[in-house]
Amino acid sequence: MTQDAPADTPHPMFGWDVDADGVVTVTMDDPDQPVNMLNDRFRREFAAVVEHLHAKKDQISGVVITSAKTTFSAGGDLEHLLRATPADAPQMTDLIRGFHRAARRLETLGRPVVAAVNGTALGGGLELALACTRRIGLDTPTLRVGLPEVTFGLLPGGGGVTRTVRLLGLDRALHEVLLTGRAVRAAAALELGLLDELVTDPAQLLPAARRWIAEHPDAVQPWDTAGYTIPGGTPADRRVAADLPALPATLRRQARGPLLPAVRNLVAAAVEGAQVDIDTALLIEARYCVELICGQISTNLIRSRFFDLQAIERGAGRPDGYPTHRATKVAVLGAGMMGAGIAYVCAQAGMEVVLKDVTLEAAERGKAYSERLFDRAVGAGRSTARQRDTVLARILPTVSAADTQGADLLIEAVFEDPDLKQRVIGEVLPYLAPGAVVASNTSTLPITALAEGIPAPGDFIGTHFFSPVDQMPLLEIVVGAKTSDATLARTIDIARQIRKTPIVVNDSRGFFTSRVISQFLDEAVAMVAEGIPAATIEQAATQAGYPIGALALIDQISLTLNRRIRQETVAAARAAGLELSVHPAAAVVDRMIDEFGRAGRAAGAGFYDYVDGRRAGLWPGLATSFGPQKLGNPLFELQERMLFAEAIDAVRCLDEGVLRSVADGNVGSLLGIGFPAWTGGVLQYVNQYEGGPGGFVARGRELAGRYGERFAPPASLVELAAGGGELR
Amino acid sequence: MPSSPSAVPPPATEALIFDAIRTPRGRGRSAGSLHGVKPVSLVVGLINELRSRHPGLDPALIDDVVLGIVTPVGDQGSVLPRTAVLAAGLPDTIGGLQLNRFCGSGLEAVNVSAQKVRSGWDRLVIAGGVESMSRVPLGSDGGAWMNDPETNADTSFVPQGVSADLIATVEGFDRETVDRYAVRSQQRAAVAWSGGYFQKSIVAVRDRNGVIVLDHDEHMRPESTVASLGRLTPSFAAMGALGGFDAVALQRYHWIERIDHVHHAGNSSGIVDGAALVLIGSEQVGRDLGLTPRGRVVATATSGADPTIMLTGPTPATRKLLGRTGLTVDDIDLFEINEAFAAVPLKYAKDLGIPEEKINVNGGAIAMGHPLGATGSMLIGIALDELERRDARRAVVTLCIGAGMGVATLIERA
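Remember, it's a predicted structure, so these values are computed and weren't measured experimentally. (Residues numbered from 1 in each chain as written. Chains lettered and ligands numbered in written order. Predicted model: local features only at pLDDT ≥ 70, side-chain atom pairs only at ≥ 80, totals over all residues.)

### Let's talk about the overall build of chain B
Under the convention used in this document: Strands here mean DSSP runs of E at least two residues long; helices mean DSSP runs of H or I at least four residues long; both are numbered from the N terminus. Here the radius of gyration uses the C-alpha set of atoms, whereas the globule reference equals 2.2 Å times the residue count to the power 0.38. Residue burial here comes from a neighbour count, namely the number of other C-beta atoms, placed from the backbone, that lie within 10 Å of the residue's own C-beta, with 20 or more meaning buried, 12 or fewer meaning exposed, and in between meaning partly exposed. Our contact criterion uses C-beta atoms placed from the backbone: two residues qualify when those atoms are within 7 Å.
Helix and strand counts for chain B come out as 15 helices and 12 strands. Computed over its C-alpha atoms, the radius of gyration of chain B comes to 20 Å, within 12% of the 22 Å expected for a compact globule of 414 residues. Principal axes of the C-alpha set define a box for chain B whose edges measure 60 × 55 × 45 Å. Burial statistics for chain B: of 414 residues in total, 61% are counted as buried. In chain B, the share of contacts with a sequence separation of at least 24, taken over all contacts with a separation of at least 6, comes to 84%.

Given below as C-alpha cells:
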C-alpha cells in the first residue's frame with residue numbers, strides 16, 4: 001500500500017471525510033450487506049483504512065469511526081466460522097492476527113479515535129469500538145452492546161477478551177461481560193464501562209465525538225499509558241491469585257459438569273493474558289479462539305442458535321400466501337398453571353384475555369399469577385406500575401362462556417382428558433368469531449382425535465406450551481389431519497405475537513418433544529434396574545449437558561403420568577395391530593409406584609425423597625431395591641445411551657413425518673426439552689457425531705447389541721450415512 | 001508389573017544413615033515459637049548439631065545438601081540449601097539442592113541422597129527439609145495446577161481438604177472414626193514424648209545468644225477426646241460448597257451424592273514450622289570418618305493416583321516399594337505415614353491390611369504437625385528411633401502428596 005493511495009481505492013466500504021479541524025470521519029458502509037460485519041471485505045479494507053490514517057497522520061487531529069447503517073456492526077461472519085475445521089487453523093490465525101494488528105495500529109495512531117456507536121455493536125463490532133480511545137453511544141431503545149461469542153461456542157478473539165480485561169479488570173470482564181455473552185442496552189453499557197458516554201439526539205453524536213477529540217488531542221488507551229495496571233490486579237497479585245483456584249470450580253458447579261470448551265478457553269485466555277503485555281495477550285487470545293472456531297461445538301451452536309433459529313423465525317414452516325394475522329381477543333380455558341401462564345403472555349402481547357375456569361376463585365387465582373409476575377417485574381425495575389395496570393386490565397377472569405363473545409382465538413388448557421377438553425371447547429365455540437383459531441394445549445393427546453366433533457376441524461390446531469409459559473421460549477404447534485394451512489399460518493403468526501419460537505410438527509402420539517424426551521427418561525430409569533447408582537445416572541445426565549438429572553425430571557413429571565402415557569401408547573399400538581416391545585424402564589416404574597408407593601414429587605416421594613416439596617436427596621432405598629450397585633461406571637457410555645435414545649427417536653420422527661424439518665427438531669429439542677445445547681440439537685447430534693452419521697450408525701449398532709433393539713439405527717439413517725449425507 | 005528383586009542392579013555401596021535429627025515443631029502462625037526464627041537458621045542450627053555430634057565428620061567430604069522445601073519463595077527462596085551451606089560456614093565446595101515434591105519433599109530428599117550415594121557418584125550427602133509455614137504460607141508460589149484455569153479445569157483440581165473428605169466419604173469413614181483416629185494420634189504422641197522416645201533426635205532451637213527458643217512440639221493437644229473434637233466445625237465444607245470444589249469432586253466420583261465433610265483442625269495435620277536433616281553416606285566414608293551407621297535406605301519408590309482424590313498415593317507407592325524388595329506387609333515392623341488428614345492413614349492401613357500396632361505408633365502430624373518440606377525427613381528419624389527402641393528391623397515411611405503422588409522408602413537398621 002502506498003502512502004498516498006487515493007482514499008476511494010483501497011477501502012471503498014469505509015467513507016473518508018475530513019473536516020476543517022482535521023478530524024477524519026470514517027463511515028462503515030458495506031454495500032453488499034444490510035449490516036456491517038467483520039467479513040473478508042471488512043478485514044481487508046479495515047487494514048487499508050488504518051494504514052491510510054497513519055499515512056495522513058500529520059494532517060489529521062483525530063478520527064471518528066461510525067456506521068452508515070442503523071446498526072454500528074453486527075460482528076463476525078458466522079457463515080464463515082461455521083465451516084472451519086482444524087485444517088483451517090493457520091488461515092484462521094492469520095485472519096485474527098491481521099485484525100489484531102490493524103486494531104492495534106488504530107489505537108496507537110497517536111491521535112484520539114472515537115467510536116461513534118450509532119447503533120447495535122455486537123461481537124467484532126464492539127471489539128472494534130474497544131480499540132478506540134473513546135466510545136460514545138447513541139441512546140436508542142434498540143441499541144445493544146455485547147460480546148455474545150460464548151453463546152456460539154466461541155470467544156471474542158478480536159481483542160474482546162484482552163481489552164475488556166484491561167478495561168474492567170479480570171473479575172468484572174469475565175462475570176459481567178465475557179461469560180454472560182449478554183447484549184445490554186445503552187444505559188447498562190455505560191454503567192458497565194463498555195461505553196464512555198451517551199447522547200440521545202442522533203444529530204449530536206458526531207459533534208460529541210468531535211468535541212471530545214478537540215478536548216483530548218493527546219488521548220491514548222489506558223493500557224498504553226506508563227504505569228497502567230489492570231483494575232483489580234493481575235494473577236501475580238496475591239488477592240487475585242487466591243481466587244483463581246475456585247474460578248473453574250465454581251463454573252463447573254454452575255455447569256453441573258465439565259466446562260464447555262468456549263468457557264474454558266475464555267477464562268484461560270483472560271487469566272493468561274492478564275499476566276503479559278497486551279500484544280502477547282492478543283496472541284494468546286487468538287490461539288484459544290482459533291481452537292474454538294475450528295472445533296465441532298462452535299459449528300453445532302452456530303448452526304442451531306443462528307441458522308436453524310433464523311430459518312424458523314423467518315417462517316420456514318409457515319404456509320405461503322396467507323396474510324399476516326394478529327389475534328385481538330383470546331379465550332383461555334382453564335386457569336391452572338398453564339392457562340395462567342398463557343393468559344399472561346397473551347395479555348403482554350396486547351390481546352384481550354378472557355380467562356375462564358369452573359369457579360371464579362380459580363379464574364382469579366389464574367389472573368393473580370400475572371399480578372405476581374408483574375409485581376416482581378415492577379419491583380425489579382423491569383416494568384412500570386402503569387404498564388402493569390394496562391396489561392392486567394386486559395385479563396378478565398370469568399366463569400361465563402358468554403364473556404368469550406367475539407374472541408378470534410381460543411386456547412384450551414384444562415386437564416389432559418380428551419372428553420373434558422372437547423366439552424369445554426364445545427361450550428365456548430358458539431361465542432367465537434367466525435374462523436377463530438381453536439387451539440388445544442396438550443403435551444401428548446392426538447390433535448386429530450380431539451378435533452372430532454368440532455364443527456370446523458380446519459380451524460383446530462394443537463399448541464403445546466412449555467411450563468412455565470412466561471419463561472419457556474418454545475411453542476410446539478401440532479397440525480392435525482384436518483388442520484388447514486390458513487390456521488397453521490395464523491397460529492405461527494400468533495406464536496410470534498406472543499414472542500414464542502414456533503416449531504411445527506404433525507399430529508402423532510406425544511408429538512415430537514414429549515415423545516423424544518420420554519426416551520431420555522426411560523433410558524435413565526432402565527439404568528436403575530441395572531444397578532447403576534442413581535447419583536451416577538444424574539451425574540451422567542447433567543455432565544452430558546442436560547439441565548436437570550433424568551430421575552429428578554421424571555419425579556417432577558410424575559411416574560404415574562409416565563406409566564399412563566406408556567399404557568396409552570401400548571394400547572393405541574395394539575389397536576393398530578402392533579405389539580410394542582416393553583422398555584426395561586417399565587418394570588422399574590411399576591415397582592416404584594406399586595411396591596414402594598413412590599410416584600414422584602407430587603406424591604411426596606419418588607426417586608428422590610422430598611421435604612416440603614423440595615428434593616432432599618436420592619432415595620437410599622434405590623441402592624438396596626435395585627442392587628447390586630455397580631460403582632465407577634464410565635459416564636461416557638451412560639451419556640451416549642441417553643443422547644442416542646433421543647436422537648434415534650428424533651430420526652424416527654423425521655421418518656414418520658412427525659417432524660417437518662431438521663431445524664424444527666434441533667430447535668425444539670434445545671428450547672423445549674433440554675437436549676444438551678453443545679450438540680446443536682437432537683438431529684445435529686447425529687451429524688456432528690465422530691465419523692458423522694456413519695459413525696453414529698456404527699455406534700448405534702454397538703449400543704443395540706449391548707442394550708437392545710431400541711438403539712438400532714433407522715434404515716433411513718443407515719441409507720443416508722452410506723451415501724455420505726447429513727440430516728438436512 | 002512389580003519388578004522382581006533380582007532385577008534391581010547390585011549397588012555400588014549401601015546408602016547408610018548415620019544420623020537423623022530434627023527441630024521441634026512450632027505452631028505455624030505469628031504466635032508460634034519459631035515464627036521469629038529464619039528458616040535458614042533452623043537448617044544451620046541442625047548442621048551445627050550434626051558437626052558437634054560427629055566430630056569426625058570432615059565437611060570437606062560432604063558432596064551435597066539436598067533439602068525439601070515446598071514453598072521455595074521469599075525466606076525459603078533462592079536455593080536455601082546452598083545458602084545454608086554458606087551461612088553454616090561449610091566449605092564452598094558443598095552444593096545445595098532444593099527440591100519439591102510437595103509434602104513428599106523431605107522424604108524425596110532422603111531418597112535422592114540415597115540414590116546419589118548408592119550409585120557411587122557421591123559419598124556423603126546431607127538430606128533433609130525445612131518449612132516455615134508461618135513465614136511462607138502454603139500456596140504462595142502459585143502454579144498452573146491451580147491458578148491456570150485450563151489446567152485446573154482439565155485436571156479437576158480441588159484443595160486437599162476436600163480430597164481428604166472425599167476419601168472419607170468413599171471409604172465410609174464417618175466423623176467419629178476420623179476423630180477417634182485423631183485422639184489416638186494425640187495419645188500416642190503424648191506417650192512418646194513423656195517416655196522420651198524422641199529425645200535422641202530432637203534438637204532444641206536456640207536463638208543467636210544460645211537461649212532456648214523451643215524444645216518440644218508445641219502443637220500437641222494430648223487432652224483431646226472424641227467428644228471435644230466432635231465440637232469442632234468441619235474446615236472444608238464452606239470451601240467445598242462456595243468454591244465449587246464439592247461439585248468438581250462429585251463429577252468425578254459420581255456414584256456419591258454428597259461429600260461428608262469430616263475433617264477439621266483437630267483431625268488434620270497441624271500447620272507448623274520445623275526442619276530435619278538426615279546424614280547419608282557410603283560404607284567407605286563411614287569407615288574413613290568413623291561414623292557409626294544406624295540404618296540404611298533399602299529401597300525407594302514413587303507412584304501416583306487420581307489427582308482429585310489426591311491423597312491415596314501412598315498405597316501404590318508402597319506396593320511398588322514392596323514389589324521391588326520382594327517383601328510383604330508382614331515383613332515390615334513399622335509403618336510411618338504422614339497424617340495429612342485422618343482419612344489418609346486410615347485408608348492406607350485399610351488398603352494394605354496394616355494392623356494398628358504397626359502404624360504411626362508414636363503418633364503423627366495430627367498431633368505434632370506437618371512442616372511440609374521437612375516432614376518426610378522427620379519420619380525417617382522417628383522410624384529409626386523406634387526400630388532401635390524396639391530392636392526391630394524394617395520400617396516403611398510414606399507420605400501422600402499433592403496432585404496425587406505418593407513416595408515411599410524402606411529403611412532397615414544397620
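### A few points about the overall build of chain A
Helix and strand counts for chain A come out as 30 helices and 21 strands. For 728 residues, the compact-globule estimate of 2.2 N^0.38 gives 27 Å, and chain A sits close to it at 29 Å. Over its C-alpha atoms, taken along the principal directions, chain A stretches across nearly 85 × 60 × 55 Å. Pairs at least 24 residues apart make up 73% of the contacts formed inside chain A by residues separated by at least 6 positions.

### Focus on the interface of chain B and chain A
Taken together, the contact pairs 22 residues of chain B with 28 residues of chain A. At the level of elements, helix H4 (144–147), helix H5 (149–154) and helix H10 (245–252) of chain B are the ones that each hand at least two residues to the side of chain B that touches chain A. Sorting elements by how many residues they give to the side of chain B that touches chain A places H10(B) first, with five residues.

### Remarks on the pairing of strand S2 (residues 23–28) of chain A
Residue and element names in this part refer to chain A. Worth spelling out the cut-off: Pairing between strands is defined by DSSP: at least two bridges between the two strands are required.
Where strand S1 (residues 14–18) and S2 come together, five bridges link them in antiparallel fashion. Counted as the bridge partner of Phe14 is Met28 from S2. Here S1 folds back onto S2 in antiparallel fashion, the turn holding four residues, of which Gly22 has a positive phi close to 85°. Inspection of the sheet shows S2 paired to strand S4 (residues 62–67) by six bridges, in the parallel sense. When the sheet's bridge partners are listed, Thr27 is paired in S4 with Thr66.

### Examining the sheet that holds strand S8 (residues 134–138) of chain A
Residue and element names in this part refer to chain A. Defined as follows: Fitting a line to C-alpha atoms yields each axis, with helices limited to the stretch in contact; the angle taken between N-to-C directions then spans 0 to 180 degrees.
The sheet built from six strands is open, its strands ordered S1-S2-S4-S6-S8-S11 with mixed pairing. The open sheet has two edge strands, S1 and strand S11 (197–199), and neither has a second partner. The sheet shows a mean angle of 20° between the axes of neighbouring strands, taken without regard to direction. Against the sheet, helix H8 (residues 202–215) makes contact with S2, S4, strand S6 (113–117), S8 and S11, and its axis sits at roughly 165° relative to S8, the strand it touches most.

### What to know about the pairing of strand S19 (residues 501–506) of chain A
Bridge analysis of strand S18 (residues 474–479) of chain A against S19(A) gives six bridges, and the strand direction is parallel. Bridge pairing in S19(A) links Glu476(A) to Ile503(A).

### Side note on the sheet that holds strand S14 (residues 395–398) of chain A
Across a sheet, strands are paired by hydrogen bonds formed along the backbone, either parallel or antiparallel in direction. All names here are of chain A. Reading across the sheet, the eight strands line up as S14-S13-S12-S15-S16-S17-S18-S19 and stay open at both edges, with mixed pairing between neighbours. Lying at the two open borders of the sheet, with one neighbouring strand each, are S14 and S19. Sheet twist, expressed as the mean angle between neighbouring strand axes with direction ignored, is 25°. Pairing between strand S16 (residues 437–440) and strand S17 (residues 460–465): three bridges, direction parallel. Note on S17: the bridge partner recorded for Ser440 is Gly462.

### A short note on unusual backbone geometry
Looking along the chain, the bond that leaves Ser467(A) and enters Pro468(A) is cis, with omega of -5°. The phi dihedral of Phe511(A) is positive, around 50°, even though this residue is not glycine. If you trace the backbone, Phe511(A) turns up in the loop between S19 and helix H20 (513–529). Classification of Phe511(A) by C-beta neighbours within 10 Å gives buried; the count is 29. One non-glycine residue, Phe102(B), lies in the positive phi region at around 45°. Given 21 C-beta atoms within a 10 Å radius, Phe102(B) is considered buried.

### Some thoughts on the nonpolar core
Put simply, the test is: Only buried Ala, Val, Leu, Ile, Met, Phe, Trp, Tyr and Cys residues enter a nonpolar core, and they are joined through C-beta atoms within 7 Å.
Membership of the largest hydrophobic core comes to 368 residues, with the highest contact counts inside it found for Ala270(A), Val332(A), Leu410(A), Ile537(A) and Ile280(B). The leading source of residues in this core is helix H26 (residues 635–655) of chain A, at 11 residues. The contacts of Ile537(A), once residues within four sequence positions are left out, are Ala524(A), Met527(A), Val528(A), Ile532(A), Ala550(A), Leu551(A) and Leu638(A).

### Thoughts on the environment of Gly295(A)
Tracing the backbone shows Gly295(A) in the loop between helix H12 (278–293) and helix H13 (296–313). Spatially, the C-alpha atoms of Gly295(A) and Ala89(A) are 9.8 Å apart, while their sequence positions differ by 206 residues.

### Concerning the packing of helix H5 (residues 160–168) of chain A against helix H6 (residues 170–178) of chain A
Residue and element names in this part refer to chain A. Formally: Here the angle decides the label: under 35 degrees means roughly parallel, over 145 means roughly antiparallel, 65 to 115 means roughly perpendicular, and every other value means oblique. Take the far helix as the reference: if the near one is turned anticlockwise from it by less than a right angle, the crossing is left-handed, and if turned clockwise, right-handed. When residues are sorted by character, Ala, Val, Leu, Ile, Met, Phe, Trp, Tyr, Cys and Pro go into the nonpolar class, Asp, Glu, Lys and Arg into the charged class, and all the rest, Gly among them, into the polar class.
Interhelical geometry of H5 versus H6 gives an angle of 120° and a closest axis separation of 7 Å. By the angle between their directions, the pair H5 and H6 is classed as oblique. Crossing angle aside, the handedness with which H5 passes H6 is right-handed. On the side of H5, the interface is formed by Val161, Thr164, Val165 and Leu168, while H6 contributes Leu170, Arg172, Ala173, Val177 and Leu178. Looking at side-chain class alone, the contact of H5 with H6 contains seven nonpolar, one polar and one charged residues.

### Considerations on the packing of helix H23 (residues 559–575) of chain A against helix H24 (residues 585–595) of chain A
Residue and element names in this part refer to chain A. It is the contact of H23 with H24, at a shortest axis distance of 10 Å, that shows an interaxial angle of 135°. Classified by the angle between their axes, H23 and H24 sit oblique to one another. H23 and H24 meet at a crossing whose hand is left-handed. Contact with H23, carried on its side by Leu559, Thr560, Asn562, Arg563 and Arg566, involves Ala586, Val589, Met592 and Ile593 of H24 and no other residues of that element. Along the lines of polarity and charge, the residues of the contact of H23 with H24 split into five nonpolar, two polar and two charged.

### Thoughts on helix H21 (residues 534–544) of chain A
Of all 11 residues in H21(A), 11 are buried, a share of seventy percent or more. Turning to H21(A), its buried residues number three or more, namely Ala534(A), Ala535(A), Thr536(A), Ile537(A), Glu538(A), Gln539(A), Ala540(A), Ala541(A), Thr542(A), Gln543(A) and Ala544(A). Those residues of H21(A) that are buried lie in contact with H20, helix H22 (550–557), strand S21 (614–618), helix H25 (621–625) and H26 of chain A together with H10 of chain B.

### Considerations on H6(A)
Residues and elements named next belong to chain A. Rule in force here: Here the arc refers to the set of directions running from the helix axis out to each C-beta atom.
Regarding H6, the residues found buried are Leu170, Ala173, Leu174, Val177 and Leu178. End-on, the buried residues of H6 take up no more than an arc of 120°, which puts them together on one face. Each element contacted by the buried residues of H6 is listed here: H5, helix H7 (186–192), helix H9 (238–243) and helix H11 (261–273).

### Details of the confidence of the model for chain B
For the record, the criterion: Every residue gets a pLDDT, meaning the predictor's confidence in that residue, from 0 to 100.
When pLDDT is averaged across chain B, the result is 96; 98% of the residues are at 70 or more. In this model residues 1–6 of chain B is a low-confidence stretch, pLDDT under 50, and it forms eight contacts with partners more than four residues away in sequence or in other chains.

### Re the confidence of the model for chain A
For chain A, per-residue confidence averages 95 on the pLDDT scale, and residues scoring 70 or more make up 99% of the total. Confidence drops under pLDDT 50 across residues 1–7 of chain A; counting only partners more than four residues distant or on other chains, this segment forms nine contacts.

### Regarding the environment of Phe696(A)
Residues and elements named next belong to chain A. The topology assignment puts Phe696 in helix H29 (residues 692–707). The class for Phe696 is buried, based on 25 C-beta atoms found within 10 Å. When the C-alpha atoms of Phe696 and Leu266 are compared, they prove to be 30 Å apart, with 430 residues separating the residues in sequence. Filtering out sequence-adjacent residues up to four positions away, Phe696 remains in contact with Val686, Tyr689 and Pro713.

### Some remarks on the environment of Ala645(A)
All names here are of chain A. Within the fold, Ala645 resides in helix H26. Judged by C-beta crowding, with 24 C-beta atoms within 10 Å, Ala645 ranks as buried. Sequence separation between Ala645 and Gly233 is 412 residues; the distance between their C-alpha atoms is 48 Å. In this view, Ala645 contacts Gln519, Phe520, Glu523 and Arg710; residues no more than four positions away in its chain are not counted.

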